[in-house]
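Spelled out, the chains give:
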Amino acid sequence: KAGVTQTPRYLIKTRGQQVTLSCSPISGHRSVSWYQQTPGQGLQFLFEYFSETQRNKGNFPGRFSGRQFSNSRSEMNVSTLELGDSALYLCASSPTSGEADTQYFGPGTRLTVL
Amino acid sequence: GDSVTQMEGPVTLSEEAFLTINCTYTATGYPSLFWYVQYPGEGLQLLLKATKADDKGSNKGFEATYRKETTSFHLEKGSVQVSDSAVYFCALSDPRDTGRRALTFGSGTRLQVQP
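Residues numbered from 1 in each chain as written. Chains lettered and ligands numbered in written order. Predicted model: local features only at pLDDT ≥ 70, side-chain atom pairs only at ≥ 80, totals over all residues. Heavy atoms only, no water.

Engineer: What am I meant to see in the overall build of chain B here?
Structural biologist: Along chain B, the regular secondary structure elements total zero helices and twelve strands. Moving toward the C terminus, one meets the helices and strands of chain B in the order β-β-β-β-β-β-β-β-β-β-β-β. Dimensions of chain B, computed from the C-alpha atoms along their principal axes, are close to 45 × 30 × 20 Å. Partitioning the intrachain contacts of chain B with sequence separation of at least 6 by distance along the chain shows that 58% fall at a separation of at least 24. Counting every atom, chain B has about 5,500 Å² of accessible surface; 45% of that belongs to carbon and sulfur. Treating the 11 positive side-chain charges of chain B as one cloud and the 13 negative ones as another, the clouds have centres 6 Å apart. (Helix = DSSP H or I, 4+ residues; strand = E, 2+ residues; numbered from the N terminus. Contact = heavy atoms within 4.5 Å. Areas by Shrake-Rupley, 256 points an atom, 1.4 Å probe, with all protein chains shown as cover. Lys, Arg positive; Asp, Glu negative; His and termini not counted. Charge placed at Lys NZ, Arg CZ, Asp CG, Glu CD.)

Engineer: Would you mind showing me how to read the state of the cysteines here?
Structural biologist: Such a bond, covalent and formed between the sulfur atoms of two cysteines, is termed a disulfide. Residue and element names in this part refer to chain A. By the definition in use, this model includes two disulfides over all chains. The disulfide partner of C23 is C91, and the S-S distance across this bridge is 1.7 Å. Residues C23 and C91 are joined through a disulfide that is left-handed, its torsion about the S-S bond being -55°. Remark: C91 occurs in strand 9 (residues 87–94) and C23 occurs in strand 3 (residues 19–24); sequence separation between them is 68 residues. Each of the two residues, C23 as well as C91, counts as buried. (Disulfide = S-S within 2.5 Å. Buried < 20%, exposed > 50% of the residue type's maximum accessible area, 1.4 Å probe, protein only.)

Rendered as structure tokens:
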């Protein structure tokens, strides 16, 4: 099975712009979670989607949003970018049953805000 | 809330040395525990997991045992290789609400293995 894929892998934006990141989960996985990784804050949970519904949300401002499509692909959007949004954004998918507590990560999107 | 504490790195070892990376957790209930590994420029790879007390997860020579009495999940490997150089993350998942998926991570421990 193909793993979790994320596009683009690298992105450079300037302050004030907005950005959209994409994630395709492992085939058959319906849960998609997003994490932000920075040197200062480490790995922090952003949100989780299941069957096109946000089920869980971390402690991030409303500038961070996401959605999930009927094919389980997910996007996250960051509006009005700030320098502090520079990070590696990781997407993870989980199976619906069996090892439902296990998350499988993609390679990430490296966002640089100038 | 839930939390994970890992030993500070970097951990520098010679090839074939024994590895231990300590991980302790705080959680209400009985979380599932994970070790993930991150190689330079890559995402996280699941290394091993354990879902209940006294379970031992193992993979690629790495092992970790879920110790409820000490709330620990230390990672061990008997003989490290240069290719094991990476950052290792301990994480937990609260199973109380199966509808919510949010891993809580430790800060990561960088391992450097010298030839």
